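Survey of secondary and tertiary structure
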Amino acid sequence: MRAVVFDTYGAPEVLRLEEVERPVPKADEVRVKIHATTVTRSDCAVRAGKPFISRFFTGLRRPKQRILGTELAGEVEAVGAAVSEFAVGDHVFGTTSAFRFGTHAEFICMQESAPLAHKPAGMSFEEAAAVCDGAILALMCLRPAGLRKGQRILVYGASGSIGTAGVQLAGYFQADVTAVCNTKNLELARSLGADRVIDYTQEDFTKNGETYDVIFDAVGKHSFKRCQGSLKRDGVYLATDGLRNLFLALWTSRLGGKKVLFPIPPRYTKKDVLFLKELIETGRYRAVIDRRYPLEEVVEATRYVETKQKTGNVVLTIGIA
Ligand SMILES: NC(=O)c1ccc[n+]([C@@H]2O[C@H](COP(=O)([O-])OP(=O)(O)OC[C@H]3O[C@@H](n4cnc5c(N)ncnc54)[C@H](OP(=O)(O)O)[C@@H]3O)[C@@H](O)[C@H]2O)c1
């Protein structure tokens with residue numbers, strides 16, 4: 001099968017298409033013919049081998065896993081003898097488990113119990129491939145924050161993969177949502193259900209006197225220090241990036257008052273994929289797609305993701321126009 005492989009950490013150009021052996025499903029696995037996948041910020045970080053400390057998990061001298069990619073949508077093409085949930089021909093979507101990759105390829109084998117589910121009816125493979133990563137990362141942050149009906153949340157970086165998911169999921173939790181993004185994405189944020197929008201090129205939310213129960217820094221560009229004045233007395237700053245936030249999370253957990261939460265490592269479960277499927281089927285969630293590239297253009301797609309300016313998600317298509 002064709003797959004995008006890399007053997008050394010570095011710039012996007014280390015990625016190349018290669019013929020590799022097609023995986024064979026074990027008894028409890030399905031083999032999925034992948035029609036669409038995505039390039040995520042996690043793929044980029046692993047490929048670059050940055051921060052260096054991450055190489056203790058991904059391979060110190062060279063990457064342990066040659067094929068990147070976590071999200072997928074496609075068709076079940078073979079099933080192991082013990083599989084009962086899926087049959088050949090089923091359309092599926094999902095993500096690999098944390099720290100597992102391998103979807104930048106024509107086929108992948110996944111356990112039946114993996115974060116995989118039947119694709120929502122009427123959803124394209126491209127859209128379905130772009131559902132899980134940002135949404136599950138957003139859920140992983142929002143749940144421990146204990147967001148309740150009517151509470152005020154500000155989503156900073158509301159136009160990214162985690163941000164577009166965060167706005168929609170905070171709406172699902174019936175919170176009052178303020179989305180902060182660039183001028184060009186204000187309409188998108190409104191369409192995702194934001195009650196209020198702030199254009200960060202025009203207004204600094206930390207100076208407008210408003211306060212929030214939760215500030216969700218969905219793009220890792222803000223800081224607890226700068227947000228503190230905009231948090232209510234027991235407010236929570238939700239972090240998605242930055243080593244310093246790990247220390248701040250530990251430190252503030254010992255004190256009363258405003259807190260930093262930085263829920264890592266990520267955990268992707270079938271239960272969450274099924275939860276998202278239900279939200280999609282009841283019209284309460286949609287994947288935001290910025291650009292689509294064929295698998296052959298993975299280097300260009302990766303360069304674009306690395307501008308850190310994508311809106312929502314960047315999809316790779318495999319064998320579909
Ligand atoms: N915790 C985890 O396990 C985990 C896993 C994956 C990723 N991450 C981290 O989570 C963060 C978000 O990832 P992502 O994939 O959602 O990001 P992304 O999609 O690449 O975010 C890009 C978006 O952020 C907006 N943006 C850029 N600079 C901004 C700023 N200063 N203020 C407000 N918005 C800004 C961009 O729009 P404009 O440029 O137009 O404003 C763009 O729409 C990253 O820091 C990533 O490293 C964490």
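First, a word on scope: everything that follows refers to the structure included in this document. Predicted model only: the values in this text are computed from it and were never measured.

**Here we look at the packing of aromatic side chains**
A full pass over the atoms with the stated rule returns 6 aromatic pairs. Geometrically, the ring pair formed by Tyr156 and Phe205 is tilted, given 5.9 Å between the ring centres and 45 degrees between the ring planes. Highlighted residues: Tyr156 in strand S8 (residues 152-156) and Phe205 in the loop between strand S10 (196-199) and strand S11 (212-217), separated in sequence by 49 residues. The pair Tyr156 / Phe205 is uniform in exposure class, with both members buried. Clustering of aromatic rings is evident, with ring pairs tying together Tyr156, Tyr200 and Phe205. The ring centre of Phe125 lies 4.9 Å from the NZ or CZ of Lys119, which sits over that ring.

**What about the environment of Arg254?**
As for its position among the elements, Arg254 is in the loop between helix H8 (243-253) and strand S13 (259-261). With 126 residues separating them in the primary sequence, Arg254 and Ala128 have C-alpha atoms 41 Å apart.

**Some points on helix H10 (residues 298-305)**
Among the 8 residues that make up H10, 6 are buried, leaving the element largely enclosed by the rest of the structure. Here H10 has its buried residues at Val298, Val299, Ala301, Thr302, Tyr304 and Val305.

**Some thoughts on the site of the ligand**
Lining the immediate environment of the ligand, one finds 23 residues, of which Tyr156, Ser159, Tyr200, Asp241 and Lys310 sit closest. The contact in question runs from a nitrogen atom of the ligand to an N or O atom on the side chain of Tyr156, over 2.8 Å. Lys184 has a polar side-chain atom sitting 2.8 Å from an oxygen atom of the ligand. Notes on the ligand: free accessible area 930 Å², of which the protein chains cover 89%. Breaking the shell around the ligand down by element, the ones donating at least two residues are helix H1 (41-48) and helix H5 (161-172). Of the residues that constitute the shell around the ligand, the class distribution is 8 nonpolar, 9 polar and 6 charged.

**Here's the deal with the state of the cysteines**
Following the criterion strictly, the structure yields 0 disulfides and no others. Cys132 carries a free sulfur, and the closest cysteine sulfur to it, the one in Cys141, is 16 Å from it. Residue Cys132 is classed as buried on the basis of its relative accessible area of 0%. For Cys141, which is in no disulfide, the shortest distance to another cysteine sulfur is to Cys227 and amounts to 14 Å. Judged by its relative accessible area of 2%, Cys141 is buried.

**Regarding the pairing of strand S15 (residues 313-317)**
Judged by how many residues are buried, S15 sits mostly within the fold: 5 of 5 residues are covered. By the alternation rule, side chains of S15 split into Asn313, Val315 and Thr317 and Val314 and Leu316, which are all buried. Pairing analysis gives 4 bridges linking strand S3 (residues 29-39) to S15, with the strands arranged antiparallel. When the sheet's bridge partners are listed, Thr37 is paired in S15 with Leu316. The pairing of strand S14 (residues 289-294) with S15 spans 5 bridges and is classified as parallel. For Pro294, the partnering residue across the bridge sits in S15 and is Thr317.

Reading guide: rules and limits
Residues numbered from 1 in each chain as written. Predicted model: local features only at pLDDT ≥ 70, side-chain atom pairs only at ≥ 80, totals over all residues. Heavy atoms only, no water. Phe/Tyr/Trp six-rings, centres within 6.5 Å; stacked < 30°, edge-to-face > 60°. Helix = DSSP H or I, 4+ residues; strand = E, 2+ residues; numbered from the N terminus. Buried < 20%, exposed > 50% of the residue type's maximum accessible area, 1.4 Å probe, protein only. Lys NZ or Arg CZ within 6 Å of the ring centre and 35° of its normal. Near = heavy atom within 4 Å. Polar contact = N/O pair within 3.5 Å; in protein donor to acceptor, adjacent residues only side chain to side chain. Areas by Shrake-Rupley, 256 points an atom, 1.4 Å probe, with all protein chains shown as cover. Nonpolar A, V, L, I, M, F, W, Y, C, P; charged D, E, K, R; others polar. Disulfide = S-S within 2.5 Å. Pairing = 2+ DSSP bridges.

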